[in-house]
Amino acid sequence: MGGAGSLLPREALREYQELTFLSKQEILLAYKRFSELLPKEQRDNARSLRVPKSRILTLPELRANPFQHRICRVFSTSEEGDDSMSFEDFLDMLSVFSDSATSDIKSHYAFRIFDFDEDGALSRKDLEKLVNCLTGQGEEVSLSNAEMEQLIQNILEESDIDRDGTINLSEFQHVVSRSPDFVSSFKIVL
């Protein structure tokens, strides 16, 4: 046989099913896609290797995502700080972005992705980077300073419940809970 499935031990497959929101078929497909990011001679050891961020970003599902670099940063457990991914990092990412993940899980990771300076709050700087990512920063469509300031002010007025000038995780989750299409749009399907 020799297919990707035969390289994942049954026990590991069962454990991955228990620890993620993914089905057996989704895990096997994820393993196949992850293995394909490695050079042919390394594919038999895919579970014990890390794929460089540059290879992860070649996936069509991430290539067009304006938050691709932040996604790699948030899901990578690399001690080198290079945002490379292990197979388990890759599975965690796909699990969070799956249709089966809960709204709480999705909003928690969305918050981490949008928290560019990783200080546990969405500050004005984070919100500006977020808006720039969504509007195609640097292109002709960029907002003027006044428009950006007004937009950030509007976001804070709507979301900053404790009026401290930032959006914390619970405030973010409150806003997301009022957005019915958030859960269905926060996904990656292989």
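In case you missed it, the structure is sitting above this.
Just so it is clear, the structure is predicted and the values come from calculations on it, not from any experiment.

1. Structural notes on the nonpolar core
By size, the foremost hydrophobic cluster in this structure holds 49 residues, and its most contacted members are Phe75, Phe90, Met93 and Ile113. Looking at this core, the elements with two or more residues in it are helix H1 (10-19), helix H2 (24-36), helix H5 (68-75), helix H6 (87-96), helix H7 (103-114), helix H8 (124-135), helix H9 (145-159) and helix H10 (169-177). With six residues, H6 is the single largest residue contributor to this core. In this view, Phe75 contacts Met85, Asp89, Asp92, Met93, Val96, Phe97, Tyr109 and Ile113; residues no more than four positions away in its chain are not counted.

2. Things to note about the side chain of Ser159
Its place among the elements puts Ser159 in helix H9. Filtering out sequence-adjacent residues up to four positions away, Ser159 remains in contact with Ile167, Glu171 and Val175.

3. Observations regarding the environment of Glu11
Along the chain, the position of Glu11 falls in helix H1. Taking C-alpha positions, Glu11 is 22 Å from Ser100, a pair spaced 89 residues apart along the chain.

4. Here's the deal with the pattern of salt bridges
Counted according to the given criterion, the structure contains nine salt bridges. A salt bridge links Glu61 to Arg33; its shortest N-O distance comes to 3.0 Å. Of this pair, Glu61 sits in helix H4 (residues 60-63) while Arg33 is found in helix H2, placing the two residues 28 residues apart along the sequence. Look at Arg33 and you get buried, because its relative accessible area is 15%. Several salt bridges converge on common partners, so that one network encompasses Lys53, Arg73 and Asp83.

5. Observations regarding the packing of aromatic side chains
Tallied over the entire structure, the rule returns 11 aromatic pairs. Here Phe75 and Phe97 contribute two aromatic rings whose centre-to-centre distance is 6.0 Å and whose plane-to-plane angle is 50 degrees, an arrangement assigned as tilted. One end of the pair, Phe75, is in helix H5; the other, Phe97, is in the loop between H6 and H7, with 22 residues separating them in the sequence. Accessibility classification places Phe75 together with Phe97 in one group, the buried group. A network of ring pairs unites the aromatic residues Tyr16, Tyr31, Phe34, Phe87 and Phe90 as a single cluster.

6. Let's talk about a negative patch on the surface
On the surface, a cluster of negative charge is contributed by Glu15, Glu18, Glu88 and Asp92. Listed by contribution, the elements that provide at least two residues to the negative patch are H1 and H6. For Glu88, the location among the structural elements is in helix H6. A relative accessible area of 46% means that Glu88 is categorised as partly exposed.

About the thresholds
Residues numbered from 1 in each chain as written. Predicted model: local features only at pLDDT ≥ 70, side-chain atom pairs only at ≥ 80, totals over all residues. Heavy atoms only, no water. Core = buried A, V, L, I, M, F, W, Y, C linked by side-chain atoms within 4.5 Å. Buried < 20%, exposed > 50% of the residue type's maximum accessible area, 1.4 Å probe, protein only. Helix = DSSP H or I, 4+ residues; strand = E, 2+ residues; numbered from the N terminus. Contact = heavy atoms within 4.5 Å. Salt bridge = Lys/Arg side-chain N within 4 Å of Asp/Glu carboxyl O. Phe/Tyr/Trp six-rings, centres within 6.5 Å; stacked < 30°, edge-to-face > 60°. Patch = residues over 30% accessible without salt bridge, like charges linked within 9 Å, V, L, I, M, F, W, Y side chains within 5 Å. Areas by Shrake-Rupley, 256 points an atom, 1.4 Å probe, with all protein chains shown as cover. Lys, Arg positive; Asp, Glu negative; His and termini not counted. Charge placed at Lys NZ, Arg CZ, Asp CG, Glu CD.

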